[in-house]
Amino acid sequence: MTELLGRLFSFEGIGELLDVPFVQSALIACAVLGLVAGVLAPLIVSRGMSFAVHGTAELSFTGGAAALLTGIGVEFGAVAGAVVAALVFGFLGLRQRERDSVIGVVLAFGLGLGVLMLALYPGRASNKFGLLTGSIVAVDTTNITVLGTVSVIVIGALAVLYRPLLFASVDPDVALARGVPVRMLSLVFAVLVGLTTALVVPIVGAILVLTVMITPGAAAARVTANPVVATVLAVVFAETALLGGILLSLAPGLPISGYVAAIAFLIYVACRLVGRRRRAAVVV
């Protein structure tokens, strides 16, 4: 047991590792990603889109696998796959009763296609594994450029559309009655989520996208009902999980995804306990 813990948690040589260029690039990428994912997470939770994010991640994985097979940059394939998934979910599954079935059908197709493409890929196995579990080694200058560009687009769109998006998320029927373009906002928001999901996949992998895109928002919702406070907390939680995950995974040389998931889960559990204690105090 001690040996296993020593393998999982080691800080030997971490100072030297922090001077390595790809590690610094990964830290920058995670800091930017934490900001974007944290801002989106409360809206995703309030709109009940957790399963949609999972489906989008699988289609992003499919796009990345296609890019890997054809020799195109994985980040561009992941973005294309995620945007296509977001548009499909937006057009075919806007109604709540249809959404889960549409996502399930498209998700299964995309995942099967992605696995087939990975099987056909003749390159290194680490490249295949990275699409599923993420890898900070994969973060380079091109990734940061794409990440920065997409992040500016997402944050800019949210700055313009945040109030009507929040209104449509909290009470879509009343928002529609008040003249808010709920359908258009749903499509735009789906695309924004798709773009951000595509950025998450190369870092934490398609399997654990929910860790970054959902858990910070779900944790924040447990301790506050104020949307602004929830957004700030979600950003803090996302940054803590991502940056903490990198720091913990460096010396052991293990995939970042497991550490990010563990930190995010502990934050969620702590927020549940805080929320329960607050509710108990109010009742008393």
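Remember, predicted model here, so these are calculated numbers, not experimental data.

1. Regarding the packing of helix H3 (residues 21-46) against helix H12 (residues 215-223)
Put simply, H3 and H12 touch, their axes get as near as 7 Å, and they point 75° apart. Here H3 is positioned roughly perpendicular relative to H12, judged by the angle of their axes. Contacts from Ala 41, Pro 42 and Val 45 in H3 reach Pro 216, Gly 217 and Ala 218 in H12. For the contact of H3 with H12, the per-class residue count stands at 5 nonpolar, 1 polar and no charged.

2. Points about the environment of Ser 257
Its place among the elements puts Ser 257 in helix H14 (residues 256-283). For the pair Ser 257 and Gly 245, spaced 12 residues apart in sequence, the C-alpha to C-alpha distance is 7.3 Å.

3. A closer look at the UniProt feature "transmembrane region" (unreviewed entry) in the chain
On the UniProt side, "transmembrane region" (unreviewed entry) is annotated at positions that read residues 20-45, 66-89, 101-121, 142-162, 182-215, 227-250 and 256-275 here. Taken end to end, residues 20-45 has its terminal C-alpha atoms 36 Å apart, with 96% of it in helix and 0% in strand. End-to-end, the C-alpha atoms of residues 101-121 are 30 Å apart, and along that stretch the chain is 95% helix and 0% strand.

4. Details of H3
Three- or four-residue spacings in an α-helix give side chains the same orientation, since the helix completes a turn every 3.6 residues. Taking 1.5 Å as the rise per residue, H3 with 26 residues should run 38 Å; its terminal C-alpha atoms sit 38 Å apart, in good agreement. For H3, the principal kink sits at Leu 40 and spans about 30°; a proline, Pro 42, occurs within the next four residues. Following H3 by one or two positions, Gly 48 has its phi on the positive side, about 65°.

5. Structural notes on the packing of H12 against helix H13 (residues 227-250)
Two measures define how a pair of helices packs: the angle their axes make with one another and the distance between the axes. Direction vectors running N to C along H12 and H13 enclose 135°, while the axes themselves pass 8 Å from each other. The orientation of H12 with respect to H13, classified from their angle, is oblique. Regarding H12 and H13, the two cross each other, and that crossing is right-handed. Here Pro 216, Gly 217, Ala 219, Ala 220 and Val 223 of H12 lie close against H13, whose contacting residues are Ala 230, Leu 233, Ala 234, Phe 237 and Ala 238. By residue class, the composition of the contact of H12 with H13 is 9 nonpolar, 1 polar and no charged.

6. Description of the nonpolar core
In terms of nonpolar packing, the biggest core is built from 67 residues, with Leu 40, Ile 44, Val 154, Leu 158, Phe 189 and Met 213 touching the most fellow members. Per element, the largest residue contribution to this core is 11 residues, and it comes from H3. If you look at the next biggest cluster of nonpolar residues, it comprises 6 residues, including Phe 61, Ala 65, Leu 68 and Met 117.

7. A few points about the side chain of Thr 215
Along the polypeptide, Thr 215 turns up in helix H12. Judged by its relative accessible area of 18%, Thr 215 is buried. Looking at Thr 215, its side chain comes within polar contact range of the main-chain oxygen of Thr 211, at 3.4 Å.

The rules behind each value
- Residues numbered from 1 in each chain as written.
- Predicted model: local features only at pLDDT ≥ 70, side-chain atom pairs only at ≥ 80, totals over all residues.
- Heavy atoms only, no water.
- Axes fitted to C-alpha atoms, helices over the stretch in contact; angles between N-to-C directions.
- Helix = DSSP H or I, 4+ residues; strand = E, 2+ residues; numbered from the N terminus.
- Parallel < 35°, antiparallel > 145°, perpendicular 65-115°, else oblique.
- Contact = heavy atoms within 4.5 Å.
- Nonpolar A, V, L, I, M, F, W, Y, C, P; charged D, E, K, R; others polar.
- UniProt positions renumbered as here; feature names shortened; annotations may be inferred.
- Expected span 1.5 Å × (residues − 1).
- Bend = angle between axes of the 7 residues up to and from the residue.
- Left-handed = near helix turned anticlockwise from the far one by under 90°.
- Core = buried A, V, L, I, M, F, W, Y, C linked by side-chain atoms within 4.5 Å.
- Buried < 20%, exposed > 50% of the residue type's maximum accessible area, 1.4 Å probe, protein only.
- Polar contact = N/O pair within 3.5 Å; in protein donor to acceptor, adjacent residues only side chain to side chain.

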